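Descriptive analysis of the structure
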Protein chains: 2
Amino acid sequence: MAESWATLGVDLHLEPVGASGLRRGLTDALRDAVRSGRLASGTRLPSSRSLAADLGIARNTVAEAYADLVAEGWLTARQGSGTRVADRAVIPPGSTAPRRRDPARPAYDLIPGTPDLAAFPRTEWLKAGRRALATAPFDALGYGDPRGRPELRSALAGYLARARGVRTRPDSIVITAGFAHALRILGTLLRTRGARSVAVESYGLDVHWGLLRDAGLRTPALPYDELGTDPGALRNEGAVLLTPAHQFPMGTPLHPDRRAAVVDWARHTGGLVLEDDYDGEFRYDRQPVGALQGLDPDRVVYLGTASKSLAPGLRLGWMVLPPSLVEEAITAKGQVDTCGVLDQLTLAEFLVSGAYDRHVRSARLRYRRRRDALAAAVTERSPEVRVTGIAAGLHVLLRLPPGTEQSVVQAATWQDLALHGLAFHRHPEAVAEPLDALVVGYGTPSDSAWSGALEALCRVLP
Amino acid sequence: MAESWATLGVDLHLEPVGASGLRRGLTDALRDAVRSGRLASGTRLPSSRSLAADLGIARNTVAEAYADLVAEGWLTARQGSGTRVADRAVIPPGSTAPRRRDPARPAYDLIPGTPDLAAFPRTEWLKAGRRALATAPFDALGYGDPRGRPELRSALAGYLARARGVRTRPDSIVITAGFAHALRILGTLLRTRGARSVAVESYGLDVHWGLLRDAGLRTPALPYDELGTDPGALRNEGAVLLTPAHQFPMGTPLHPDRRAAVVDWARHTGGLVLEDDYDGEFRYDRQPVGALQGLDPDRVVYLGTASKSLAPGLRLGWMVLPPSLVEEAITAKGQVDTCGVLDQLTLAEFLVSGAYDRHVRSARLRYRRRRDALAAAVTERSPEVRVTGIAAGLHVLLRLPPGTEQSVVQAATWQDLALHGLAFHRHPEAVAEPLDALVVGYGTPSDSAWSGALEALCRVLP
């Protein structure tokens, strides 16, 4: 039986902040000692009287700390056998579950698709969260509307009208756990409606095509040329998935004639246009290209996300649906809201208070500086490389001399520099002139890692 | 052209907090005026010089506020035509999307399944969120592990071992957007493995059976008697869905012999046990019934949720999987995490700091008082009604005289009292002696609504 504190070997730092602080400090120290295994199961603790004498504090304070830990299940107290560390399953180190491969982080990361996570506005986000939670009605914390919180849908309807020219009502917006979740829902919806295929662009993201294929849809590729994706090849597909404002990864906007043509196709065939507006907020040299959705809100599903403007970890995206499709989308999604209410309320507050605009504005300036530095460095060091698709977004396309893409990507690997060759984003059935190029995500590094990444990039360019 | 502030009709409350406060106040007031339509599209604003004179503030402050709002897209500034309210799509009131029926909230709500949302620990949650975000590495905000944040899986492995006797490792836990999401994933997983049916209990939740049916599985019902659900009728179903610690809605624990029998069945047939531990934290009169999962972690999938212990709006649940099923579950879930990182980190901090234990303990005391008041009132006022299933959870079963359930539920409707008759929770193919009873969720009302709800309940009892 341990009768003195010293024999327990527990670090105890009691701050002189009154009895309640002492009790809390003691409780925390004991809990940590049990959790970490320093106090083993079955260990008998000193009586509250002797421990109090050891520590020079009131006996009651010790008794209360013990009672807290008994109630939490860390200790047991039984008449006659004193207070002991509870007998609990201890988690041994190591694991019998197969470990997922966690690829070592590369020294330099220029993979497109992620913003600078170190610039997430933590302080502003916490402030907005506090304001949002202070005013939220308590039933906002219940099982909610499957479309998501009305506060957020309302804030988005206003923001998207103002910033992207989207025409909608809060009732037609469905909040999702990011773009991939939205595309899953739309895949299910289209399949349920009897669609067999969704046309996609010759360049894009394989994971998106995969989500549609998982829903049982074919994904034929449309031709791509200097005016962007050519909708002339559309036939009776159920829908077409496009990045009209800023083609990913080519970086060009869809030509106005083709914007009109794709909407015409949708009207004539009853097909849907799925507009992936992943980085519509980030424009530099030119007037923003408004959302295609504004041309025909009854035929275009607009898809936005907080993943590029704030952070993917929020897992928040939104679908703006033709009103007639809202109920089908809810059926495909499931009748329970899938996104945490607190982040939804916080984003609503962020939008309405203007904090979102301020954050995007400052991010835009920072990314623009990076893009300028990148263009200048590449032009100076590698005159044969052409920097294209630079007027918007978080990535550029570097056009390489013919036949060099594969060897440059290989050289990058040796330098521990992560980036994608254009081939990585080419559809297996792409209808497009073959090009050698790199897709460089200059938004990805933190400020402190950026110049090293740029230097590594310049080293591997021809 | 409006040359004086007064003609704009904008409420302006400028707090005397220095130039930056003035600028912010002015920007906010103007933004609100534009957003609400009080300043119409095209309205020309006073020059910064004249507005500054009107308000008695520096001209630069006004010019900066205008510049902010031009950058945000609310105003336009053109050489020669001054500063005007931008021409933006305005959201008219009303909607063209079909409104979803939002059933009027009842005067008294005793529907089971929701905790007292007014008691959500907002202050503690915000504090934990601040601590969690202060220490999170920045790449925690990226596209994450599809199983969820490691901090939360680690905290849950420890907590579930200690509080529920679950035996697992963080690697075998998958975070979900609540129980329904987990059941969807498991339905897909089981169907992919070739399962045709999942056995369920004779009493339960229709939405759960529906989720399994949506995955293409049949849901035959097992017999129910005074020892709980009888696993003796299990054959070659792919899995069985059970509430072993506290049968929903009957309120009884599964008899120890039957706990052993269901695990034996799983071992012999290769079937899985899906353990729905929805309210395992709330026990009153007896030792906690540990999780069935502890008997055989290789055959039981343990399912927990924050929906009863904290709030459904968090949309956080967890699956503890047999290690061999982790990869299949990730495939069924999708390769991208679906839950917001911030809530995951906050819950981890909540668990590790002891705030979760403290919250559950105080909630337990409060619910216990309600249950005691309910049992006393019903026993006194309606001696023919038997209060059962009361040793745990957030609901009781009130056994009614034979043949009276329907009329009592009808009387409750007239009193604007929402509750469920037992028939509502009976499987269409239930194998169980018919009973007349009410399922009363005493956790649902806020403290201020509780006594009124109890009184309304007593009025409708026979």
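Residues numbered from 1 in each chain as written. Chains lettered and ligands numbered in written order. Predicted model: local features only at pLDDT ≥ 70, side-chain atom pairs only at ≥ 80, totals over all residues. Heavy atoms only, no water.

**Topic: unusual backbone geometry**
Backbone torsion omega between F248(A) and P249(A) reads 5 degrees, so that peptide bond is classified as cis. Looking at the secondary structure, you find P249(A) in the loop between β9 (239–242) and α9 (256–269). Despite not being glycine, D416(B) has its phi angle at roughly 60 degrees, a positive value. Within the secondary structure layout, D416(B) lies in the loop between α13 (405–414) and β15 (417–418). (Helix = DSSP H or I, 4+ residues; strand = E, 2+ residues; numbered from the N terminus.)

**Structural notes on the confidence of the model for chain A**
As a general rule, the predicted coordinates of low-pLDDT regions are not to be interpreted in detail. Residue and element names in this part refer to chain A. The pLDDT averaged across chain A works out to 88; a share of 89% of its residues lies at or above 70. This model gives residues 89–102 a pLDDT under 50, and the stretch forms 23 contacts once residues within four places in sequence are excluded. On the interface metric, ipTM, the complex scores 0.79, and its pTM is 0.80. (pLDDT = per-residue confidence, 0-100. Contact = heavy atoms within 4.5 Å.)

**Topic: the sheet that holds strand β4 (residues 173–176) of chain B**
On the basis of which strands lie adjacent, the open sheet formed by seven strands has the order β4-β12-β11-β10-β9-β5-β6 (chain B) and mixed pairing. The strands lining the two open edges of the sheet, one partner per strand, are β4 and β6 (221–222) of chain B. (Pairing = 2+ DSSP bridges.)

**A look at the relation of the copies chain A and chain B**
Of the transformation superimposing chain A on chain B, the axial component is 0.1 Å and the angular component is 180 degrees, with the fit at an RMSD of 0.2 Å. This pairing of chains is accounted for by a two-fold axis. (Least-squares fit on C-alpha atoms with pLDDT ≥ 70 in both.)

**Thoughts on the interface of chain A and chain B**
Taken together, the contact pairs 82 residues of chain A with 81 residues of chain B. In total, chain A and chain B occlude about 6900 Å² of area from one another, counting both sides; carbon and sulfur atoms represent 55% of this. If you look at where chain A meets chain B, you find zero salt bridges. Put simply, chain A and chain B have twelve residue pairs in polar contact (both at pLDDT 80 or more) between them. Breaking the side of chain A that touches chain B down by element, the ones donating at least two residues are α2 (18–35), α4 (59–72), α5 (122–135), α6 (150–164), α10 (326–333), α11 (341–352) and α12 (355–381) of chain A. Of the residues assigned to the side of chain A that touches chain B, the class counts are 36 nonpolar, 19 polar and 27 charged. (Buried area = accessible area lost by both parts, 1.4 Å probe. Salt bridge = Lys/Arg side-chain N within 4 Å of Asp/Glu carboxyl O. Polar contact = N/O pair within 3.5 Å; in protein donor to acceptor, adjacent residues only side chain to side chain. Nonpolar A, V, L, I, M, F, W, Y, C, P; charged D, E, K, R; others polar.)

**What to know about empty space enclosed by the protein**
Tallying each qualifying case throughout the model produces ten cavities of 30 Å³ or more. Here the largest cavity defines a volume of roughly 250 Å³. Lining the largest cavity are 19 residues, and of these L126(A), D343(A), W125(B), L126(B) and D343(B) lie nearest its centre. Going through the elements one at a time, α5 and α11 of chain A together with α5 (122–135) and α11 (341–352) of chain B are the ones with two or more residues in the lining of the largest cavity. Residue contributions to the lining of the largest cavity peak at six residues, all from α5(A). Empty space within the second largest cavity amounts to approximately 80 Å³. (1 Å grid on protein atoms, 1.4 Å probe; cavity = no way out; pocket = protein on both sides within 12 Å on 5 of 7 lines; lining within 4 Å. Points joined across faces, edges and corners; volume = space filled by probe spheres on them.)

**Observations regarding the nonpolar core**
The biggest cluster of nonpolar side chains holds 65 residues, and the ones touching the most others in it are L310(B), W318(B), L347(B), L374(B), L398(B), L438(B) and L457(B). Among the elements that take part in this core, helix α12 (residues 355–381) of chain B stands out by supplying nine residues, more than any other. A157(A), A363(A), L394(A) and V460(A) belong to the second-largest nonpolar core, a separate cluster that totals 64 residues. (Core = buried A, V, L, I, M, F, W, Y, C linked by side-chain atoms within 4.5 Å. Buried < 20%, exposed > 50% of the residue type's maximum accessible area, 1.4 Å probe, protein only.)

**Quick look at the pairing of strand β5 (residues 198–201) of chain B**
Walk down a regular strand and you will see the side chains alternate between the two sheet faces. Residues and elements named next belong to chain B. Because side chains alternate across β5, one face comprises the buried residues V198 and V200, and the other comprises A199 and E201, equally buried. In the sheet, β5 pairs with β6 via two bridges, with the strands oriented parallel. Counterpart to V200 in the pairing with β6 is A221.

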